[in-house]
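Next come the chains, spelled out residue by residue.
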Amino acid sequence: MNLILLGPPGAGKGTQAEGLAAKHDLVQLSTGAMLRAAVKAGTEVGLKADAVMKKGGLVSDDIVVRIIKDRIAEPDCENGFILDGFPRTLPQAAALEKMLRSAKRRLDAVIELKVDDKVLVERISGRFSCSKCSAGYHDTFKPTKVRGVCDTCGSKDFTRRADDKAETVQARLMAYYKETSPLIGYYFAKGRLETVDGMGSIEQVGADIEAAIENLAG
Ligand code: ADP
Ligand code: ADP
Ligand code: ZN
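Reference entry: report on the structure contained in this document. Note that the coordinates shown come from a computational prediction; the quantities given were computed from them, not determined experimentally.

## Some words on the overall build of the chain
- The helix and strand tally for the chain stands at 9 helices and 8 strands.
- Scaling as 2.2 N^0.38, a compact globule of 218 residues should have a C-alpha radius of gyration of about 17 Å, and the chain matches this with 17 Å.
- Reported as C-alpha extents along the three principal axes, the dimensions of the chain are approximately 45 × 40 × 35 Å.
- The buried share of the chain, reckoned over its 218 residues, is 44%.
- Sequence-distant contacts in the chain: of pairs separated by 6 or more residues, those separated by 24 or more amount to 68%.
- With an accessible surface of roughly 11,600 Å², the chain has 54% of that area assigned to carbon and sulfur atoms.
- Taken as two groups, the 32 positive and 30 negative side-chain charges of the chain have centres that lie 3 Å from each other.

Structure representation (structure tokens):
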């Protein structure tokens, strides 16, 4: 099964992708995480992406398409993947369609997570993650079970994203509405779109996504 999670920054794409990947034995492909790893490693891609990400803009289509194309071709993706944060523009969606067609694979569902802007800002401002295993948390909505210790790997090291500060969030939301939101119409027209209310609890949203997948796959 190959899925896309679509939605503005902070909507819960990463959180839900984590759960879905474990449940359905799929690989979670987050272009944001891949780009942050490239920045950290100081690769050529990382150097190009860094300035754009800091400003809350979108990294060029060429770069992200190449990253996804290479990653999808790896053997662990054979059982299927969840794209979290890709595609983000119409040209990226067209490129994805081309690569899936030539690999004789299909897109099973595009899940749009709908969340009010005010709530997005709340979610982003409390977001943090484990430095070791990348598990995602929130100060209020999803704290670690034991204070200061990662539920998944026991690490005591956590990070907050540099672009999760208020000034940058505005630009990222703008980029979403301008560049990414047209994909909702694009996938609706293709009959692949299911819209899920992302305002509920993490568990509720997860259950609604499962139901939406059944709808489209069935
Ligand atoms: P995205 O990948 O779409 O940017 P995340 O999955 O990182 O969003 O979620 C943003 C923040 O909101 C995280 O701190 C996460 O723990 C929290 N979060 C995710 N889903 C929910 C939810 N349904 N209710 C409350 N908080 C949530
Ligand atoms: P969020 O989970 O908050 O939506 P991501 O982790 O997906 O954020 O992305 C962080 C940043 O990485 C984006 O603001 C953008 O600069 C860059 N990025 C990630 N994916 C893409 C993409 N598909 N196209 C262009 N830029 C991207
Ligand atoms: Zn961890």
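Here the narrative resumes, following the displayed structure.
## Here's the deal with the site of ligand 2
- In the vicinity of ligand 2 there are 19 residues, among which Thr31, Arg36, Gly57, Gly85 and Arg172 approach most closely.
- With respect to ligand 2, the backbone of Val59 contributes an N or O atom lying 3.1 Å from a nitrogen atom.
- Contact with the protein chains removes 97% of the 560 Å² of surface that ligand 2 exposes when unbound.
- In terms of residue count, helix α2 (residues 31–41) provides more of the shell around ligand 2 than any other element does, 4 residues in total.
- In terms of residue class, the shell around ligand 2 is built from 7 nonpolar, 5 polar and 7 charged.

## Quick notes on the site of ligand 1
- With respect to spatial proximity, 17 residues lie near ligand 1, and among them Gly10, Lys13, Thr15, Arg127 and Tyr137 are the closest.
- Here Ala11 contributes a backbone N or O atom positioned 3.2 Å from an oxygen atom of ligand 1.
- Residue Tyr137 places a main-chain N or O atom 2.7 Å away from an oxygen atom belonging to ligand 1.
- Bound to the protein, ligand 1 loses 92% of the 560 Å² it would expose on its own.
- Counting residues per element, the ones that place at least two in the shell around ligand 1 are α1 (13–24) and β6 (136–138).
- Among the elements that take part in the shell around ligand 1, α1 stands out by supplying 3 residues, more than any other.
- Along the lines of polarity and charge, the residues of the shell around ligand 1 split into 6 nonpolar, 7 polar and 4 charged.

## Re the sheet that holds strand β7 (residues 158–159)
- If you trace the 3 strands from one edge of the open sheet to the other, you get β6-β5-β7, paired in antiparallel fashion. Each edge of the open sheet carries a strand with a single partner, namely β6 and β7.
- Where strand β5 (residues 127–130) meets β7, 2 bridges bridge the pair, whose relative direction is antiparallel. Counted as the bridge partner of Cys130 is Phe158 from β7.

## Describing the sheet that holds strand β8 (residues 193–197)
- Taken together, 5 strands build an open sheet; the order of strands is β2-β3-β1-β4-β8 and the sheet is parallel. Each edge of the open sheet carries a strand with a single partner, namely β2 (27–30) and β8. Averaged over all neighbouring strand pairs, the angle between strand axes comes to 20°, with direction disregarded.
- Where strand β4 (residues 109–114) meets β8, 5 bridges bridge the pair, whose relative direction is parallel. Following the sheet pairing, Leu113 is matched in β8 by Val196.

## Some words on the environment of Ile213
- With respect to the secondary-structure elements, Ile213 resides in helix α9 (residues 202–217).
- Residues Ile213 and Leu193, 20 residues apart in the sequence, show an inter-C-alpha distance of 9.8 Å.

## What about the coordination of the zinc ion (ligand 3)?
- Here the zinc ion (ligand 3) is held by Cys130 (SG), Cys133 (SG), Cys150 (SG) and Cys153 (SG), and the distances to it run 2.3 Å.
- Here the donor residues of the zinc ion (ligand 3) share one chain and are spaced in sequence as C-x2-C-x16-C-x2-C. Linking Cys130 in strand β5 with Cys150 in the loop between β6 and β7, this pair joins segments that are 20 residues apart in sequence. Accessibility assignment for this pair places Cys130 and Cys150 in one class, buried.

## So, the pattern of salt bridges
- Taken as a whole, this structure holds 12 salt bridges when the rule is applied.
- The partner of Arg101 in a salt bridge is Glu97, and the shortest N-O contact between them spans 3.9 Å. With Arg101 and Glu97 both in helix α5 (residues 90–102), this residue pair falls 4 residues apart, about one helical turn.
- Residue class for Glu97 comes out partly exposed when judged on its relative accessible area of 28%.
- Note that Arg160 and Asp139 form a salt bridge whose closest N and O atoms lie 2.8 Å from each other. One end of the pair, Arg160, is in the loop between β7 and α7 (166–180); the other, Asp139, is in the loop between β6 and β7, and 21 residues separate them in sequence.
- One salt-bridge network, held together by shared partners, links Arg127, Arg161, Asp163, Asp164 and Arg172.

Conventions used here
- Per chain, residues are indexed from 1 in the order of the written sequence.
- The order in which chains are written sets their letters, starting at A; the order in which ligands are written sets their numbers, starting at 1.
- Restriction of local features to residues with pLDDT of at least 70 applies here, the model being predicted, together with a cutoff of 80 or more for giving and counting side-chain atom pairs; totals for whole chains, interfaces and linings are based on all residues.
- Excluded from the side-chain calculation are hydrogens and water; included are all heavy atoms of the structure.
- Strands here mean DSSP runs of E at least two residues long; helices mean DSSP runs of H or I at least four residues long; both are numbered from the N terminus.
- With C-alpha atoms as the basis for the radius of gyration, the globule rule is written as 2.2 Å multiplied by the number of residues raised to the power 0.38.
- Whether a residue is buried, partly exposed or exposed follows from its accessible area with a 1.4 Å probe, protein chains only, as a fraction of its type maximum: under 20%, in between, or over 50%, in that order.
- We call two residues in contact whenever any of their non-hydrogen atoms come within 4.5 Å of each other.
- Computed with a 1.4 Å probe, the accessible areas rest on the Shrake-Rupley method; for each residue, only the protein chains presented here act as cover.
- Only four residue types enter the tally: Lys and Arg on the positive side, Asp and Glu on the negative side, with His and both chain ends excluded.
- Working definition for charges: the position is that of NZ of Lys, CZ of Arg, CG of Asp or CD of Glu.
- Proximity criterion: a residue is near a molecule or strand once any of its heavy atoms comes within 4 Å of it.
- In the analysis that follows, any N or O atom pair within 3.5 Å is treated as a polar contact, provided that within protein one partner can donate a hydrogen and the other can accept it, and provided that, for residues neighboring in sequence, both atoms belong to side chains.
- Residues are sorted three ways: Asp, Glu, Lys and Arg are charged, Ala, Val, Leu, Ile, Met, Phe, Trp, Tyr, Cys and Pro are nonpolar, and all the rest, Gly among them, are polar.
- Paired strands, as defined in this entry, are two strands with at least two bridges between them according to DSSP.
- To get an axis, a line is fitted to the C-alpha atoms, and for a helix only the part in contact is used. The angle between two axes follows their N-to-C directions and goes from 0 to 180 degrees.
- Listed donor atoms are N, O and S within 2.8 Å of the metal (Na, K and Ca: 3.2 Å). As water is not included, a site may look incomplete.
- Only one rule defines a salt bridge in this text: a Lys or Arg side-chain nitrogen within 4 Å of an Asp or Glu carboxyl oxygen.

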